[in-house]
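Residue-level structure breakdown
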Amino acid sequence: MTESQTVPESHEVPETLYEHAGGDAALHRLEELFYQRALADPVLSTVFRERVPTHVDHLTWFTAESFGGPDRYTREVGFQNLIDVHRGLQITDEQRERFVEMYLTVLDEAGLPDDAPFRAAVREHVEFGAQVAQQNSRAATDADLHPIREVPAWTWNPQD
């Protein structure tokens, strides 16, 4: 190699939230634990009234896709379903706050990473999703719905 030639810098692609979380197995464990708690919780049980056989899989697929994993939720369920299942639920501020609090608590029980950048990204993701769900649950018309119409691609900086 001559002096005029340079070796290109390596630009590593940062690990996705999906990879950092532990992939499908870890996210499925998280969603199952959360769902069990939500069904039994006096505040959330009015929103999570009964166990729906596909719910944990759908939650897992949505979270996986949001975190940079496979796009199964979009391909097999579709974002419109997410809007439809929340319409009319009239989610209260207390329920939204409990949802976020419980989800974040279950991260430890599910054995997900506890580093600050990961936890901050998950918190932002869950808070955003809970706000979207609450708005859609109260929408009287399509114009009242949150404008998001696809699974959000949640990014993070693992170095933060």
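Here's a quick rundown of the structure.

1. Section: the side chain of R72
Counting through the fold element by element, R72 comes out in helix 4 (residues 72-77). One polar contact links R72 to D24, side chain to side chain, over a distance of 2.8 Å. Apart from residues lying up to four places away in sequence, R72 is in contact with D24, W61, A64, E65 and V77.

2. Description of helix 6 (residues 93-109)
Every α-helix carries 3.6 residues per turn, so stepping three or four residues along brings you back to the same face. Between its first and last C-alpha, helix 6 extends 25 Å over 17 residues, near the 24 Å set by a 1.5 Å rise per residue. Within helix 6 the residues assigned to the buried category are Q95, R96, V100, M102, Y103, L104, V106 and L107. Elements that come into contact with the buried residues of helix 6 comprise helix 2 (23-40), helix 3 (55-66) and helix 7 (116-138). G111 occupies a position one or two residues after helix 6 and carries a positive phi of about 75°.

3. Concerning the packing of aromatic side chains
Counted by the stated rule, this structure contains nine aromatic pairs. Their ring planes at 55° and their centres at 5.3 Å tell us that F34 and Y103 sit as a pair that is tilted. Here the residue F34 occupies a position in helix 2, and Y103 occupies one in helix 6, the gap between them amounting to 69 residues. In this pair, the class of F34 matches that of Y103, namely buried. Feature note: the residues F34, Y35, F48, F99 and Y103 constitute an aromatic cluster, connected by ring pairs.

4. With respect to the pattern of salt bridges
In the structure shown here, the tally under the stated rule is twelve salt bridges. For D93, the salt bridge is made with R138, and the minimal N-O distance between the two is 4.0 Å. Linking D93 in helix 6 with R138 in helix 7, this pair joins segments that are 45 residues apart in sequence. Note on R138: relative accessible area 43%, which makes it partly exposed.

5. What about the nonpolar core?
The biggest cluster of nonpolar side chains holds 33 residues, and the ones touching the most others in it are L27, L30, L112 and V122. Listed by contribution, the elements that provide at least two residues to this core are helix 1 (17-21), helix 2, helix 3, helix 6 and helix 7. In terms of residues, this core owes the most to one element, helix 2, which gives seven residues. If we ignore the near neighbours within four places in the chain, the residues touching V122 are F67, Y103, L104 and L107. The next biggest cluster of nonpolar side chains, apart from the first, holds ten residues, and it includes F62, L145, I148 and V151.

Parameters at a glance
Residues numbered from 1 in each chain as written. Predicted model: local features only at pLDDT ≥ 70, side-chain atom pairs only at ≥ 80, totals over all residues. Heavy atoms only, no water. Helix = DSSP H or I, 4+ residues; strand = E, 2+ residues; numbered from the N terminus. Polar contact = N/O pair within 3.5 Å; in protein donor to acceptor, adjacent residues only side chain to side chain. Contact = heavy atoms within 4.5 Å. Expected span 1.5 Å × (residues − 1). Buried < 20%, exposed > 50% of the residue type's maximum accessible area, 1.4 Å probe, protein only. Phe/Tyr/Trp six-rings, centres within 6.5 Å; stacked < 30°, edge-to-face > 60°. Salt bridge = Lys/Arg side-chain N within 4 Å of Asp/Glu carboxyl O. Core = buried A, V, L, I, M, F, W, Y, C linked by side-chain atoms within 4.5 Å.

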